[in-house]
Amino acid sequence: MFSAKLRTLVVSTALLAGSVSLPAWADETPYTTQNLNEQLVMANLWMQASAEFKALSYQAFNLAQMRFDHFASTHNGDKKIAIVVDADETIIDNSPYEAWLVGRNEGYSGKTWGEWMNAAEAKALPGAVEFLNYAANKGAEVFYITNRKMVGLEGTRKNLAELGFPDVDDAHLMLRTTTSDKEARRLKVAEKYDIALFMGDNLNDFSSAFKTKSLTESYAAVEKNKALFGTKFIMLPNPTYGDWEGKVYDGNWGASAAEKDKMRKAHLDPWQPKQ
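Conventions used here
Residues numbered from 1 in each chain as written. Predicted model: local features only at pLDDT ≥ 70, side-chain atom pairs only at ≥ 80, totals over all residues. Heavy atoms only, no water. Buried < 20%, exposed > 50% of the residue type's maximum accessible area, 1.4 Å probe, protein only. Helix = DSSP H or I, 4+ residues; strand = E, 2+ residues; numbered from the N terminus. Arc of directions from axis to C-beta. Pairing = 2+ DSSP bridges. Axes fitted to C-alpha atoms, helices over the stretch in contact; angles between N-to-C directions. Contact = heavy atoms within 4.5 Å. Salt bridge = Lys/Arg side-chain N within 4 Å of Asp/Glu carboxyl O. Core = buried A, V, L, I, M, F, W, Y, C linked by side-chain atoms within 4.5 Å. 1 Å grid on protein atoms, 1.4 Å probe; cavity = no way out; pocket = protein on both sides within 12 Å on 5 of 7 lines; lining within 4 Å. Points joined across faces, edges and corners; volume = space filled by probe spheres on them. Phe/Tyr/Trp six-rings, centres within 6.5 Å; stacked < 30°, edge-to-face > 60°. Parallel < 35°, antiparallel > 145°, perpendicular 65-115°, else oblique. Nonpolar A, V, L, I, M, F, W, Y, C, P; charged D, E, K, R; others polar.

J.: Quick one: what's the story with helix H8 (residues 153-163), residue by residue and with numbers?
T.: For the α-helix, the turn length of 3.6 residues means that residues three or four positions removed from each other point alike. Residues of H8 that are buried include every one of Leu 153, Gly 155, Thr 156, Asn 159 and Leu 160, and no others. Seen along its axis, H8 keeps its buried residues to an arc of 165 degrees; they face one direction. Along H8, the residues that are exposed and aim more than 90 degrees away from the buried face are Glu 154 and Glu 162. Immediately downstream of H8, the backbone of Gly 164 shows phi near 95 degrees, a positive value.

What follows is the structure in structure tokens.
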């Protein structure tokens, strides 16, 4: 394997000579994070430009309202009703941050994500503000169980409040403290409330049943709990990131850009045309 400096020297010499053909390896450039970020283009374009994405968002919140109304009309418990929602890609849209990565040779980082949270510029997903205020006006309380870290609390609070979401206070904003596992926070809400709905873009937003280590285990968990989707669990579309991606990498988030590209493509199921 040639060093980068030697590779540059040989290529430059060949180009200056004019008539010298480049070695076969000379046009091989390293696969960078910038290259990998190009794979974000279609997912972000769909989220930001397609009417279909907006339609799916409205569909999710329309369904949520129907399920909430059914729950409220049949509720006879002593506890108040609550709705538990994730934040990112469930009620607010962070696609501008993902789109910002396109063309850059850097991936997600706590630093830049923190700057994005503090900017408080995420927009509400279509239908989110209307539905949650509808439920709040009917007497339900909304809890935001998000894996945004506490460093982003003030930016998150400002963002949600300015968008007009209800119950944006310390009692209802449940950010990540010691663990990304949301089960303890869900159980804390369940101590005093009957939860009508869970809404999220990630299976781990719903139940510890989805705390799996592999894609195969995730598939099995979905099959086992399929009756809850559209009834108790409302899923929002997010093609840009999620826990599922780590399972594609077998948990190796530290893999190189080239390795991630290879692992992503290895999970594709391409058409095999007949010869």
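J.: Explain the sheet that holds strand S7 (residues 233-235) to me, using residue names and the numbers behind them.
T.: What the 5 strands build is an open sheet, ordered S5-S4-S1-S6-S7; its pairing is parallel. For this open sheet the edge positions go to strand S5 (173-176) and S7, each flanked by a neighbour on one side alone. On average, each strand axis in the sheet is inclined to that of its neighbour by 20 degrees, with strand direction left out of account. Two elements, strand S4 (residues 141-149) and S5, share 3 bridges in a ladder whose sense is parallel. Paired with Tyr 144 across the bridge in S5 is Leu 173. Relative to the sheet, helix H4 (residues 51-74) contacts strand S1 (80-85), strand S6 (193-200) and S7, its axis offset from that of S6 by approximately 165 degrees.

J.: With reference to specific residues and values, describe the pattern of salt bridges.
T.: Under the counting rule described, the total for this entry stands at 11 salt bridges. Salt-bridge contacts for Glu 183 lead to Arg 186; the nearest nitrogen and oxygen are separated by 2.7 Å. Separated by 3 residues within a single helix, Glu 183 and Arg 186 lie in helix H9 (residues 183-192), roughly one turn from each other. By relative accessible area, which is 22% here, Glu 183 ends up partly exposed. For Glu 223, the salt bridge identified is with Lys 226, shortest N-O distance 3.9 Å. For Lys 226, a relative accessible area of 55% gives the class exposed. When salt bridges with common partners are traced through the structure, they connect Asp 86, Lys 182 and Asp 205 into a single cluster.

J.: Just give me the short version of the nonpolar core, but keep the residues and values in it.
T.: In terms of nonpolar packing, the biggest core is built from 39 residues, with Phe 68, Ile 91, Phe 131, Leu 132, Tyr 144 and Phe 165 touching the most fellow members. Those residues in contact with Phe 68, other than ones at most four positions away along the chain, are Ile 81, Ile 83, Phe 131, Tyr 134, Ala 135, Lys 138, Ala 140, Ala 196 and Leu 197.

J.: Describe empty space enclosed by the protein, with residues and values.
T.: Evaluated as defined, the whole model comprises 1 cavity of 30 Å³ or more. Of the pockets and cavities examined, the largest cavity occupies roughly 30 Å³. Every residue along the wall of the largest cavity is listed here: Ser 180, Asp 181, Lys 182, Arg 186, Asn 204, Ser 207, Ser 208 and Lys 211.

J.: Tell me about the packing of aromatic side chains, and name the residues and values.
T.: With the rule as written, the count across this model stands at 17 aromatic pairs. For the pair Tyr 97 and Trp 100, a centre-to-centre distance of 6.0 Å together with 25 degrees between the ring planes defines the contact as stacked. In this pair, Tyr 97 and Trp 100 both sit in helix H5 (residues 95-101), 3 residues apart, roughly one turn of the helix. Considering the side-chain rings of Phe 210 and Phe 233, the 6.2 Å spacing of their centres and the 70 degrees angle between planes classify their relative orientation as edge-to-face. On the criterion of sequence distance, the pair formed by Phe 210 in the loop between S6 and helix H10 (215-224) and Phe 233 in strand S7 is long-range, its members being 23 residues apart. A residue is classified by how much of its surface remains accessible, and Phe 210, at 1% relative accessible area, is buried. Given a relative accessible area of 5%, Phe 233 falls into the buried group. One aromatic cluster is present, formed by Phe 198, Phe 206, Phe 210, Phe 229 and Phe 233 through successive ring pairs.

J.: I'd like a description of the packing of helix H3 (residues 41-49) against H4, backed by residues and values.
T.: The contact between H3 and H4 brings their axes to 5 Å, and the two run at 65 degrees. When the axis of H3 is compared with that of H4, the two are roughly perpendicular. Only Ala 51, Glu 52, Phe 53, Lys 54 and Leu 56 of H4 make contact with H3, whose side of the interface consists of Trp 46, Met 47, Gln 48 and Ala 49. Partitioning the contact of H3 with H4 into residue classes produces 6 nonpolar, 1 polar and 2 charged.

J.: An account of helix H7 (residues 128-137) is requested, with residue identities and associated values reported.
T.: Every buried residue of H7 is accounted for by Ala 128, Val 129, Phe 131, Leu 132 and Ala 135. In this structure, the buried residues of H7 make contact with H4, S1, strand S3 (123-124), S4, H8 and S6. Trailing H7 by a residue or two, Gly 139 shows a phi angle of about 105 degrees, which is positive.

J.: Help me get a handle on the pairing of S1, residues and values and all.
T.: Buried residues dominate S1, accounting for 5 of its 6 residues. Direction of pairing for S1 relative to S6: parallel, over a ladder of 6 bridges. Following the sheet pairing, Lys 80 is matched in S6 by Tyr 193. As paired elements, S1 and S4 share 4 bridges and run parallel to each other. Paired with Val 85 across the two strands is Tyr 144, which belongs to S4.

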